[in-house]
Amino acid sequence: MFRRVFQFRNSFGNVISVCKSCPSHQYSKCLSKYSTASTERKRFYQDVSISQGDDGLYEINLDRRKLKTPGGKLFTVPNEALAIAVATEWDAQRGTLKFYTMHLTTLCNTALDNPTQRNKEQMINSALKFLETDTICYRVEDPPGLVDLQKNEWDPVLHWIENRYNVTIGSSSSILGPDIPQATKETFRQHLNSYSLWSLTGLEFVISQLKSILLSLGMVDRYLTVEQAVLLSRLEEEYQISHWGNVEWAHDYDVCELRARTAAGALFIQLSSENLTVKHKIMQD
């Protein structure tokens, strides 16, 4: 059967095929379940492509075999742009698959399998719990240098969020944190309710990385860049490092890892929130 295939080069210079009308195949054996923990596996495929199913969803194919989730479901994503991003993630792997670096694939698996079996309301409640313990709401009383740093760096974000959503949040140096008004919680609840389940999955991931729903929303709303959000989430740690030093390489590694996870989460939110279609063309070297 004729397969309509478009090709593009990813950032590694490799060609990824995009099949628009790939025939449906049945296989007696699914791909082995894989883990996103700190495990590795020898690459078992040569080519990566995407195809669109009859339901309009996009699938990832490894040597024309359809990718499955760890739970055994067909790996499908809502739009072509996200499919290409995931396919690029698989194609970027070399001789050994490093699953723990494949953050977009992990987020898609989580959205599809829903391992914790939570509904949208439960996911929103989980996200809102971070509001009561948000990183930028907790302030120290000393040393003076860190007090000033938190005020100068965190207050502008806090004020922007309050104005953006027309809410009152505040900050506190008490171990109990600020007293968040119920009206503020309801405003954020309504806002989060506008997210899809997929987008909420990405938002929860970002919040867990930054330990802050406020920094996460600031980044999603593009008030903050990924680099700024990560730096602000590590403000106290960076202050301590500037005064006492750090373990060689460990600091840079931690920051790079946090940036990678946060950037992947932000990209996942964007790609899963929009109905994106990619214009195809053969890209020349």
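Residue numbers here run from 1 along each chain, matching the order of that chain's written sequence. Two thresholds apply to this predicted model, a pLDDT of at least 70 for residue-level local features and 80 or more for giving and counting side-chain atom pairs, whereas whole-chain, interface and lining totals are computed over all residues. The side-chain values count all of the structure's non-hydrogen atoms but skip hydrogen atoms and water molecules.

Per an unreviewed UniProt entry, the chain goes by ATP synthase mitochondrial F1 complex assembly factor 2 and derives from Oryzias sinensis. Checking UniProt for the chain, the heading Subcellular location (unreviewed entry) contains the comment "Mitochondrion inner membrane". UniProt positions are given in the numbering used here, feature names are shortened, and annotations may be inferred rather than shown by experiment. Of the chain, the UniProt comment under Sequence similarities (unreviewed entry) reads exactly: "Belongs to the ATP12 family."

1. Quick word on the overall build of the chain
Counting its secondary structure elements, the chain contains 10 helices and 8 strands. Residue exposure (1.4 Å probe, protein chains only): buried if accessible area is under 20% of the type maximum, exposed if over 50%, otherwise partly exposed. The buried share among the 285 residues of the chain stands at 44%. Taking contacts inside the chain between residues at least 6 apart in sequence as the whole, the part at least 24 apart equals 63%. All accessibility values rest on the Shrake-Rupley procedure with a 1.4 Å probe; residue burial counts only the protein chains present in the view. Surface summary for the chain: the accessible area is close to 15400 Å², and the carbon and sulfur share equals 51%. We count a stretch as a helix when DSSP gives it H or I for four or more residues in a row; a strand needs E for two or more, and each element gets its number in order from the N terminus. In what follows, residue pairs with any heavy atoms lying within 4.5 Å of each other are defined as contacts.

2. A look at the packing of aromatic side chains
Two aromatic rings, drawn from Phe, Tyr or Trp (for Trp, its six-membered ring), form a pair once their centres lie within 6.5 Å of each other, and the interplanar angle then sorts them: stacked below 30 degrees, edge-to-face above 60, tilted otherwise. A complete count under the given rule lists 6 aromatic pairs for this structure. Measuring from centroid to centroid gives 5.3 Å for Tyr 165 and Phe 188, while their planes differ by 50 degrees, and the two rings are tilted. Pair noted here: Tyr 165 is in helix H4 (residues 144-165) and Phe 188 is in helix H5 (residues 182-193), with a separation of 23 residues, a long-range link. Counting every residue linked through ring pairs, the aromatic cluster contains Phe 44, Tyr 45, Trp 90 and Phe 99. The positively charged end of Arg 164 is found above the aromatic ring belonging to Tyr 165, 4.4 Å away from the centroid. Charges are assigned to positions over rings by a cutoff of 6 Å between ring centre and Lys NZ or Arg CZ, combined with an angular limit of 35 degrees from the ring normal.

3. Considering unusual backbone geometry
Put simply, Asp 142 and Pro 143 share a cis peptide bond, and its omega is 0 degrees. With respect to the helices and strands, the residue Pro 143 is situated in the loop between helix H3 (120-129) and H4. Residue Asn 114 is not a glycine yet carries a positive backbone phi of 45 degrees. With respect to the helices and strands, the residue Asn 114 is situated in the loop between helix H2 (103-113) and H3. Residues other than glycine seldom take positive phi values, yet Gln 117 does so here, at roughly 55 degrees. Here Gln 117 is to be found in the loop between H2 and H3.

4. Focus on the side chain of Thr 69
As for its position among the elements, Thr 69 is in the loop between strand E6 (65-66) and strand E7 (76-77). A relative accessible area of 2% places Thr 69 in the buried class. Setting aside residues no more than four positions away along its own chain, Thr 69 makes contact with Leu 74, Phe 75, Asn 109, Leu 112 and Asp 113.

5. Focus: the nonpolar core
For soluble globular proteins, the rule of thumb is that nonpolar side chains tend to be buried together. Ranked by internal contacts, the top residues of the largest apolar core, which has 36 residues, are Ile 161, Ile 169, Phe 188, Leu 192, Ile 213, Leu 214 and Leu 217. When residues of this core are traced back to their parent elements, those giving at least two are H3, H4, H5, helix H6 (197-210), helix H7 (213-220), helix H8 (226-233) and helix H10 (250-273). Ignoring sequence-local partners within four residues, the contact set of Leu 214 consists of Leu 131, Asp 134, Ile 136, Cys 137, Leu 158, Ile 161, Ile 169 and Phe 188. Put simply, buried Ala, Val, Leu, Ile, Met, Phe, Trp, Tyr and Cys residues joined by side-chain atoms within 4.5 Å make one nonpolar core. Counting residues in each nonpolar core, the second largest holds 29 residues, with Ile 50, Leu 62, Leu 67 and Trp 90 among its members.

6. Looking at the pairing of strand E4 (residues 48-52)
Of all 5 residues in E4, 4 are buried; the element is thus mostly enclosed. Strands are treated as partners if at least two bridges between them are detected by DSSP. For E4 and strand E5 (residues 58-62), the ladder comprises 5 bridges, and the chain directions are antiparallel. From the neighbouring strand, Ser 49 faces E5, where its bridge partner is Asn 61. Turn length for the E4-E5 hairpin, with the two strands adjacent in sequence and antiparallel, is 5 residues, and the turn residue Gly 56 shows positive phi of about 90 degrees.

7. Looking at H8
Three or more residues of H8 are buried, namely Val 226, Ala 229, Val 230, Leu 232 and Ser 233. With its buried residues spanning 165 degrees around the axis, H8 presents them on a single face. In this description, the arc belongs to the directions extending from the helix axis to the C-beta atoms.

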